[in-house]
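# Working through the structure, step by step
Below, each chain spelled out in residue letters.
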Amino acid sequence: MAYLSIRNVEITYKNHKTGKDFLALSGVSLDVEKGEFVTIVGPSGCGKSTLLLSIDGLLPHTGGEILIDGKPVTKPGKDRALVFQEFALLPWRTIEQNIWFGLELQGEKKEKLQSAADRFLKLTGLAQFKDHFPHQLSGGMRQRVGIARALAVDPDILLMDEPFGALDAQTREIMQNELLKIWDENRKTVFFVTHGIDESIYLADKIVVMSARPGTVKEIIDVKLPRP
Ligand code: ADP
Ligand code: ADP
């Protein structure tokens, strides 16, 4: 059985005001192996974010099943971490303290926080900015902090929702290469939602193409190009 298996998943958003439910995903099936880099593409509104949130467990699926190592996903867990476009950094904390945050929530000791922060500050080229606050950094830098914070909790699965969507083309290219470098060193299983077909082909082992009304998987393309 595949490491991560999504079987016939359905997601219905309930609208309590109008009573009209909205079927966002229907019959979504997908198998992913450990360490694969999966990109998810498709038109706006086809359910890419919905799929990501359901793999995280933040959004309960209303049909089908999602299995990780054979175990059903029912809620968020330590094995998964989300990275958003809006990075969601805590403005009153320094960069270093932001990277600690997830580990702190897990009740880890100070030494563990420090060693993880050091490692990921270095890996993401942020060491000299560790005592800065998020508003003092550029968008690209803040996105690095978001990635460092997600990696610091050492998840098996990294769920990224258009993480580079707000960056200019040049910074995006730099970040793509950094992400590949980090991925090469850690071999996390990555789900990466993007609007960019180029970005998708550049990063992916596997491209999941979705279509809308309701959201379904239209095609799964194996890419596995040689990497830089
Ligand atoms: P994508 O990420 O591909 O743009 P989303 O997963 O955000 O798509 O949304 C899929 C569909 O579900 C869209 O039609 C969107 O309007 C709808 N949707 C998203 N979130 C909610 C919600 N909380 N309640 C109702 N409908 C939602
Ligand atoms: P900790 O409690 O571990 O020091 P937090 O980041 O949770 O770290 O909180 C740091 C301080 O910021 C706390 O005093 C908290 O009350 C305050 N704080 C909480 N939410 C906000 C916010 N939205 N804006 C500014 N300060 C906040």
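Each remark here, short or long, concerns the structure printed above.
Rules behind the numbers
- Residues numbered from 1 in each chain as written.
- Chains lettered and ligands numbered in written order.
- Predicted model: local features only at pLDDT ≥ 70, side-chain atom pairs only at ≥ 80, totals over all residues.
- Heavy atoms only, no water.
- Pairing = 2+ DSSP bridges.
- Helix = DSSP H or I, 4+ residues; strand = E, 2+ residues; numbered from the N terminus.
- Axes fitted to C-alpha atoms, helices over the stretch in contact; angles between N-to-C directions.
- Contact = heavy atoms within 4.5 Å.
- Phe/Tyr/Trp six-rings, centres within 6.5 Å; stacked < 30°, edge-to-face > 60°.
- Buried < 20%, exposed > 50% of the residue type's maximum accessible area, 1.4 Å probe, protein only.
- Lys NZ or Arg CZ within 6 Å of the ring centre and 35° of its normal.
- Near = heavy atom within 4 Å.
- Polar contact = N/O pair within 3.5 Å; in protein donor to acceptor, adjacent residues only side chain to side chain.
- Areas by Shrake-Rupley, 256 points an atom, 1.4 Å probe, with all protein chains shown as cover.

### Section: the sheet that holds strand β3 (residues 37-41)
- Read across the open sheet, the six strands follow the order β6-β7-β8-β3-β9-β10; overall the sheet is mixed. On the outer flanks of this sheet lie β6 (80-83) and β10 (216-222), each paired with one strand and no other. Each strand of the sheet is rotated relative to its neighbour by a mean of 20 degrees, with strand direction disregarded.
- Here strand β7 (residues 157-161) pairs with strand β8 (residues 189-193) via five bridges, running parallel. Across the sheet, residue Ile157 finds its bridge partner in β8, namely Thr189.
- Sheet contacts for helix α1 (residues 48-56): β3, β6, β7, β8 and β9 (206-211); angle to β7, the most-contacted strand, approximately 155 degrees.

### Quick look at the packing of aromatic side chains
- Under the counting rule described, the total for this entry stands at three aromatic pairs.
- A centroid spacing of 6.0 Å and a plane angle of 40 degrees characterise the contact between Phe37 and Phe192, whose relative ring orientation is tilted. In this pair, Phe37 sits in strand β3 while Phe192 sits in strand β8, placing the two residues 155 residues apart along the sequence.
- In this structure Phe192 comes out as buried when scored by relative accessible area, which is 0%.
- Taken together, the ring pairs connect Phe37, Phe164, Trp183 and Phe192 into an aromatic cluster.
- Of note, Arg187 hangs over the ring of Trp183, and the distance from its end group to the ring centre comes to 4.0 Å.

### Considerations on the site of ligand 2
- For ligand 2, the full set of nearby residues is Trp92, Arg93 and Glu104.
- In the model, an oxygen atom of ligand 2 is placed 2.4 Å from a nitrogen or oxygen of the Trp92 side chain.
- Relative to its free-state accessible area of 550 Å², ligand 2 is covered by the protein chains to the extent of 29%.

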